[in-house]
Every structure is written in C-alpha cells, then in structure tokens.
Amino acid sequence: MQASQSTVDPAEIAKFEAMAAEWWDPTGKFKPLHMLNPCRLDYITAQIAAEFDRDLREPAPFQGLRILDIGCGGGLLSEPMARLGADVVGADAAAGNIPVARIHAEQSGLTIDYRHTTAEALADSGEPFDVVLNMEVVEHVAAPLDYLTACRRLLKPGGLHLCSTINRNPKSFLVAIIGAEHVMRWLPKGTHEWAKFITPSELETLLEQAGLDVVDKKGFVFNPVAWSWRLSDRDLSVNYVTASLAPSAT
Amino acid sequence: MDNPPATRIFTDMTLDSDILIVGGGLNGPVLALACAQAGLRVTVIDAQPADRFSSADFDGRSYALALTSVRLLTGLGLWQGLAPQAQPMLDIKVTDGRAGEGPSPFFMHFDHAEIEEGPMGFMIEDRHLRPALIHAVQTHPQITCRFGETVVAQDTAAGHTTLTLGNQSQLKARLLVGCDGRGSGTAARAGLRRSGWDYGQTALVCAIGHEKPHNGVAHQFFMPPGPLAILPLPGNRCSIVWSESTATAAAINALPDAQYLDALRPRFGDFLGDITLQGRRFTYPLSLSMTQALIAPRLALVGDAAHGMHPIAGQGLNAGLRDIAALAQVIADATRRGEDIGAPDVLSRYQTWRRFDNAALALATDTFNRLFSNDNSLLRAARDIGMGLVAHLPPLRRGFIREAAGLNGDLPRLMKGQPL
C-alpha cells in the first residue's frame, strides 16, 4: 500500500487528503453517518464480542478476527474495527473512496486492507471472514438476494453477518426521504429510493434464502431531543439492523 | 497487506502514548489513573520536580471532597489508603452573621442522616492526598511521568498531537488534556480565550487547633466581607477558608500569628473553645475565570484550566473531579467502540456533558457570594427568610444536601460507584 502510494501524483494525494478530511468531518457532508456511528458501533462491537466471546474492556479484543467492511466509504467502520485489533478488509465499489480511506488510515496509524471490489468478486476469490459488516448497503443494490448470498459465501462456517437497512412504510418515507433529504438536507436528494427499502420480515426471508440464520434484530432510533441515536428492541420502524449466522461446519 | 503482523497492539506504537496530560497537581494524576484503568497509555508532564509536590509536614492546606469525589477515588483504588486520614463531614451548618454579633436567628442545618448515601463528604489534607496521587502515577505500569519538564509548544496534525518540551524532545499522542490550572498554558497555546472577573476578595486559608471536638460538623458563616468556612479535620483541628476584601485580607495576612488569631476570633466565635494556628497560612485571590470552550482539536481542558471558580462551598476540586469522571467515561466508551479518542465528535460529547454543569455551578457560586457578601439590610432580611424557609422545608433541604454531596445532575459511572 505504501509503495503504490509513492507513485501517486502529489496533487492527487492532496485531493485525497481533502476528501478524507471531508469524510471524517463530523459536521460536514457525512454528518448523518457520524451521528449514527456510535450507535452502529455499540451494536457491532457487542454482537462480535458476544459471538466470539471477547471482552471489550481488554486491549485489542478483536485480535485474530478477520472482518470485511462492505461499502467501507472513508473507513468509518473499518478504522474502529482495526483499532480493536481485527484484521480488516474494507471493500468499496466506488474506486474513488479507496485512496481516501487509505490516506486516513495511514494518518491514524492503522493498517487496513482497502480494495476496490465487490462482495460478489471477493466471494468468488474464496477469502473467508469471521465477520461481514453489511451496513446501509442492501437498500442500494439491484439484486438483494444475489448480494446477500455473496455475503454468506464470504463467511467462515459459523461466521457473523451484520446487516442494517431502512424499513419500507409511510413513516420511513417521511423520515428517511422527506426528513433527511428534503427538510434537514442531511443527505443529497435521491440518495435513497423508497421502493428499494426492505421491511424486517422481507429482509429476514432474504437472509434465510441466502442461507443465513437470523439471531437478532434491533432498531436504530433517532431522538430529536437528545439529538442522538439509540438502539431499540421494539422500534424497527425506520432504521434497523440484523445479526445472522452462517451455518457451522458441524 | 494480506499478511498483517501477527501481534498487533490496539494503539499505534509510533505514538509515545494515547494521552498526554499537562499538569501533575491533583487533577492530572487522577485523570491519568482513570484513563489507565480504561487500558490507555498515559504520559503526565509537569514543570515541577516530583519531590516538590509533597510536603511531609502539615502545611495547612486541605480539601473538602464530596461523596461523589470519594466514590471516584475509591473506584481508582486511591481512597482505601486515604480513608484512615480523612475526616467525615456529618453535618453542615450555614449561618448568616456579622463579626462580633451572634448568628442570626435563622440558620440552615444539613444533616447527612437526611440522605441515605452517608456523609456528605470528607476532609483530606494536601499532605496526604498529593503524595498518594504522585505515588500512584509513578508506580503505574501504563503511566509515564515527565516531572520537572516544561512544555514549550503544542501542535495538532491529522491523527495526532505533538508536544515539544523545553529540552526540544517531542511527545506524540492521540489526545492532549490540559490540567494545568487557571493560568493554563495548554489552553492559551490552543488559542482558547478566557473570560471572567475578579471578586475583589482574597481567601485566607489556614488550619487551626481548638479545645472542644467539632463532631464532624462543618460551618459556613456568611459575613458581610465574605464567607468564612470552618471544615473539620481529624482530631481537634479545622481547616478554615476566610474570605475578606483584598485590602483587608492583605492587612490581616501581614499580621504576626498572634494578631492574626485575634482578628479571626470574633468571626470564628468561641463555640470550639480557644483556638491556635496549625501549619502555614495561605492566601488565594478570588476570581472567576472560564475558557470559551472546553475542547479544541485533539485537546480537552479539565478543572481550573477550564473553569476557575469561586471556592465557596469547596466546589472547585469537586468540579474538576467531575470533569475527570466524565472525560474518562467518554474516552473509555470511545475506546471500547474503537473510536479515535481525539476525534472532534468524541470530544464534543465531553464538552456537551460538562459545559452546562460548569457554567451553572460558576454562576451559582458567583450569585451566592454576591448575595451573601453584603451588608445591605434588605438582602440580609431576604437571606434570613430564605434560610428559614430551607430550614423548615425538608425536600428543599435534602436538595441542598444532595448538591453539597455532589449527587445532583447527570453523574458519570465512576461517581455512582460503578466501574468505568
């Protein structure tokens, strides 16, 4: 990674540094992701710790785990996983995100394997992972079942798949499309297509068809008074997350 | 890249530590111990050599620790060794008075028996607290002490912050914390402006010995020139914080010990019998000094570095310890999530949590002082009525007791007696 970067034009590096700063500015373009991130990380870290019997109070609790972050963007989830000691592969179908994420990881003193690739291509290459993070991606793909099947193929037997998306109902239209894109302008208009949103029961069916066993569901709920997100056992009406397991070898 | 090193430490080893703390007084070591408990590596830097921090003899300085502060020190494994030297405060009596006159007919009385948590706080002497803190940081495997070294520059870059010391060596970490008091060089170097005002008052601080036992009762007398706090120490001794106008304080402080006591006697009264001076005398000019923000890029301020307040009711150290418990919790939670502890969104959680509380406390102590350091007869009547009301309304009184014990507000886990 370092060697290939030394051949990059300095003007390109400056551009990527500016883009990295933008990705990581909690008040900038990616503010909604930054606001959601602690809540997502609370869920992700708790699920991984429980599944692989790790103690988050210990240093490097995820040491020895191989984690794939699909749709890694600037590395908002890849970096925390690496900091917790995991071996992380960050994959993004948008080529532009890769050098940006690499520069930020380097600034943060972290080693992360960022690749311009897709879940399907990675699955075909046969690299197994203990954990696949599939956060806020499935509502953007053309063929969800094929995509989720690729995610399952990426897992070692008994591996953990964490998948979050947005529910499809009148409230999610109001909150995620009208609210987030038109009123608050947190997201560019057209970021989400309401018809592609997936209800929890649809997602559960898709995950099972893909060969995954759903073990947990939680809502990500925005509290406008505290101006922050929290996890909810009951309210899956807009943003929600699922944990599912690949079948074990035995 | 596909074969990363087999052993990976969760913090980057090119950094000297995770956190650099400037200031090795009281707040700096406590924060260092709390962050070390969260698994982080900490460096504490102070211009004073370590041996300058501890005076073996009683020098007259002591602190009133709220119950919540004691819980914090207990959680950090410090209180167990300090408890035998501490004096529990079982009762606080607040009286409005004038030198040479008796207390007004109304006074407030706060007894710890009215709240279930136990004593409202403990008095601990500087000569016990400070060496215990220094010893704990010097012997902790995750804490590096750089005592006797000055900071000449601080710089923030993407991913880390760098401190340059007087000998031109550099230290790098994810986060810098200023625990360097109201003259904070850390805040000044970060360009954080301070605002505040002088009260025109100076606190005379000393310890006295007395004939009769104090029974663990603390007294606060509100005198027109300023409050007089009498705080119980182990044995027949009390620590006093005696506020006067700056000119009067200077005149009193210039007096030899015998005349100093003569000036104190009419204010102190004779309820504890005859009094004698113990240890040295100190003076502290009283001023309010707050920074515009508690945070800057990769920087957080704690205690007096962020908010030097009126020492009325002994809330200064306790407010600093509350900052520490909150910051340590924000840092511990961020660490367990894998977040960058110096990231702006992480630091803003600390600022949001503490800024309102600190401003409210500074305002409350300021208002209290203005209201009580006054001989206006109308205000005096209003105070007497107010105190009479508090004396007769148990819920209001319990509210004050809980405030004195530090039990009000959104408490950090370490101050609830829970693990970090």
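Rules behind the numbers
- Every chain is numbered on its own, with residues counted from 1 as its sequence reads.
- Chains and ligands are labelled by the order in which they are written, letters from A for the one and numbers from 1 for the other.
- Only residues with pLDDT of at least 70 are given local features in this predicted model, and only at 80 or more are side-chain atom pairs given and counted; all residues enter the totals for whole chains, interfaces and linings.
- Secondary structure elements are taken from DSSP: a helix is a run of H or I of four residues or more, a strand is a run of E of two residues or more, and numbering for both begins at the N terminus.
- Residues are called buried when their C-beta atom has 20 or more other C-beta atoms within 10 Å, exposed when it has 12 or fewer, and partly exposed otherwise; all C-beta atoms are positioned from the backbone.
- Each residue gets a C-beta atom placed from its backbone, and two residues are in contact if those atoms lie within 7 Å.
- Values of the radius of gyration come from C-alpha atoms, whereas the globule rule sets the reference at 2.2 Å times the count of residues to the power 0.38.
- Two strands pair under a simple rule: DSSP has to find at least two bridges between them.
- Whenever a helix is involved, its axis is fitted only over the stretch in contact; in every case the axis is a line through C-alpha atoms, and angles between N-to-C directions fall within 0 to 180 degrees.
- A set of buried residues qualifies as a nonpolar core if it consists of Ala, Val, Leu, Ile, Met, Phe, Trp, Tyr and Cys joined through C-beta atoms within 7 Å.
- Residue-level confidence of the predictor is what pLDDT reports, using numbers from 0 through 100.
- Each residue gets one of three labels, nonpolar for Ala, Val, Leu, Ile, Met, Phe, Trp, Tyr, Cys and Pro, charged for Asp, Glu, Lys and Arg, and polar for the others, Gly among them.
- Any angle between 65 and 115 degrees counts as roughly perpendicular, while under 35 counts as roughly parallel, over 145 as roughly antiparallel, and the rest as oblique.
- A clockwise turn of the near helix away from the far one marks a right-handed crossing, whereas an anticlockwise turn of less than a right angle marks a left-handed crossing.

J.: Can you tell me about the overall build of chain B, naming the residues and giving the values?
T.: Each helix and strand counted, chain B has 11 helices and 20 strands in total. Per-residue burial over chain B gives 50% buried out of 420 residues. Across chain B, the fraction of contacts at a sequence separation of at least 24, relative to all contacts at a separation of at least 6, is 75%.

J.: Describe in detail the overall build of chain A, supporting the description with residues and values.
T.: The helix and strand tally for chain A stands at nine helices and eight strands. What you see for chain A is a C-alpha radius of gyration of 18 Å, in line with the 18 Å of a compact globule of 250 residues. Among the 250 residues that make up chain A, the fraction classed as buried is 43%. Pairs at least 24 apart in sequence give 68% of the contacts found in chain A among residues at least 6 apart.

J.: Kindly report on the sheet that holds strand 10 (residues 160-165) of chain B, identifying the contributing residues and their values.
T.: Residues and elements named next belong to chain B. The strand order across the open sheet built from three strands is 9-10-11, with neighbouring strands paired in antiparallel fashion. On the outer flanks of this sheet lie strand 9 (151-157) and strand 11 (170-173), each paired with one strand and no other. Between one strand axis and the next, the sheet turns through 20° on average, direction left out of account. Relative to strand 10, strand 9 is paired through six bridges, and the arrangement is antiparallel. For T156, the partnering residue across the bridge sits in strand 10 and is T161.

J.: Kindly report on the nonpolar core, identifying the contributing residues and their values.
T.: Nonpolar side chains tend toward joint burial in soluble globular proteins. Residue and element names in this part refer to chain B. Counting 112 residues, the largest nonpolar core has L31, C35, A300 and A328 as the members making the most contacts within it. At 12 residues, the largest contribution of residues to this core is made by helix 8 (residues 315-337). With residues near it in sequence (within four places) discarded, L31 still touches I21, V177, C179, V302, I324, L327 and A328.

J.: Break down the confidence of the model for chain A for me, citing the residues and quoting the values.
T.: When pLDDT drops low, the exact placement of atoms in the prediction is not to be read closely. In this model, chain A carries a mean pLDDT of 91, and residues with pLDDT of at least 70 account for 96%. Per-residue pLDDT stays below 50 along residues 1-6 of chain A; that stretch engages in three contacts with residues further than four places along the chain or on separate chains.

J.: Tell me about the interface of chain A and chain B, and please be specific about residues and values.
T.: The accessible area lost on association of the parts is a frequent measure of interface size. Across the boundary between the two partners, chain A contributes 23 residues, which contact 19 residues of chain B. Those elements that place two or more of their residues in the side of chain A that touches chain B are helix 3 (31-51) and helix 4 (78-83) of chain A. Sort the elements by how many residues they give to the side of chain A that touches chain B and helix 3 of chain A lands first, with five residues. Its residues assigned to classes, the side of chain A that touches chain B shows 10 nonpolar, eight polar and five charged.

J.: Break down helix 7 (residues 144-153) of chain A for me, with residues and values.
T.: Residues and elements named next belong to chain A. Most of helix 7 sits out of view: seven of its 10 residues are buried. Restricting attention to buried positions, one finds in helix 7 the residues P144, Y147, L148, T149, A150, C151 and R152. Here the buried face of helix 7 lies against helix 6 (119-125), strand 4 (129-135), strand 5 (155-166) and helix 9 (200-209).

J.: Account for the sheet that holds strand 1 (residues 19-22) of chain B, with residues named and values stated.
T.: Residues and elements named next belong to chain B. Read across the open sheet, the six strands follow the order 8-2-1-12-19-18; overall the sheet is mixed. Each having just a single partner strand, strand 8 (143-147) and strand 18 (295-296) make up the two edges of the open sheet. Lying on the sheet, helix 1 (residues 27-37) is in contact with strand 1, strand 2 (42-46), strand 8 and strand 12 (175-178); it crosses strand 2 at an angle near 170°.

J.: Quick one: what's the story with the environment of S243 of chain B, residue by residue and with numbers?
T.: All names here are of chain B. Assignment of secondary structure puts S243 in strand 16 (residues 237-245). Assessed through the 27 C-beta atoms surrounding it within 10 Å, S243 is described here as buried. With 162 residues separating them along the chain, S243 and G81 place their C-alpha atoms 32 Å apart. Here S243 is in contact with Q201, A203, G226, P227 and L286, once residues within four sequence places are set aside.

J.: Now, about the pairing of strand 16 of chain B: what can you tell me, with residues and values included?
T.: Regular strands place side chains that alternate from one sheet face to the opposite one. Residues and elements named next belong to chain B. Across the nine residues of strand 16, eight count as buried, placing the element largely inside the fold. As paired elements, strand 13 (residues 194-210) and strand 16 share nine bridges and run antiparallel to each other. Within strand 16, the position partnered with L204 by the bridge is W242. The sheet contact formed by strand 15 (residues 226-233) and strand 16 spans six bridges and is antiparallel. Bridge pairing in strand 16 links A229 to V241. Turn length for the strand 15-strand 16 hairpin, with the two strands adjacent in sequence and antiparallel, is three residues, and the turn residue G235 shows positive phi of about 80°.

J.: Provide a residue-level description of the packing of helix 2 (residues 10-23) of chain A against helix 5 (residues 97-107) of chain A, including the pertinent values.
T.: All names here are of chain A. Two elements in contact, helix 2 and helix 5, have axes whose closest approach is 8 Å; the angle formed by their N-to-C orientations is 80°. For the element pair helix 2 / helix 5, the angle class is roughly perpendicular. Residue-level contacts link F16, E17, M19, A20 and W23 of helix 2 to P99, V100, I103 and H104 of helix 5. Its residues placed into classes, the contact of helix 2 with helix 5 shows seven nonpolar, one polar and one charged.

J.: Any details on the confidence of the model for chain B? Residues and values, ideally.
T.: Residue and element names in this part refer to chain B. Chain-level pLDDT for chain B is 84 on average; 76% of the residues reach the 70-or-more range. A low-confidence stretch, residues 1-13 stays under pLDDT 50, and its non-local contacts, those more than four residues away or across chains, total 18 contacts. Scored as a whole, the predicted complex attains pTM 0.87, and scored at its interfaces, ipTM 0.90.

J.: Residue-level account of the environment of A105 of chain A, with values.
T.: When you line up the elements, A105 of chain A lands in helix 5. Placed 31 residues apart in sequence, A105 of chain A and G74 of chain A show a C-alpha to C-alpha distance of 9.1 Å.

J.: Give a description of the packing of helix 7 of chain A against helix 9 of chain A that names residues and reports values.
T.: Residues and elements named next belong to chain A. Where helix 7 meets helix 9, the axes come as close as 8 Å, and the angle between the chain directions of the two elements is 55°. When the interaxial angle is binned, helix 7 and helix 9 end up oblique. With respect to the hand of their crossing, helix 7 and helix 9 are arranged in right-handed fashion. Contacts between helix 7 and helix 9 pair P144, L145 and L148 from the former with L206, L207 and Q209 from the latter. Taken together, the residues of the contact of helix 7 with helix 9 sort by class into five nonpolar, one polar and no charged.

J.: How would you sum up the environment of W24 of chain A? Please name residues and give values.
T.: All names here are of chain A. Note on placement: W24 falls in the loop between helix 2 and helix 3. By C-beta crowding, W24 is classed as buried, having 24 other C-beta atoms within 10 Å. Counting along the chain gives 50 residues from W24 to G74, while the straight-line C-alpha distance between them is 7.4 Å. Setting aside residues no more than four positions away along its own chain, W24 makes contact with G74 and H104.

J.: Give me unusual backbone geometry: which residues, what numbers.
T.: All names here are of chain A. In this structure, D53 takes a positive phi of about 55° despite not being glycine. If you trace the backbone, D53 turns up in the loop between helix 3 and strand 1 (66-70). Despite not being glycine, E136 shows a phi value in the positive range, around 55°. Inspection of the secondary structure assignment puts E136 in the loop between strand 4 and helix 7. Judged by local crowding, E136 falls into the buried class, with 21 C-beta atoms found within 10 Å.

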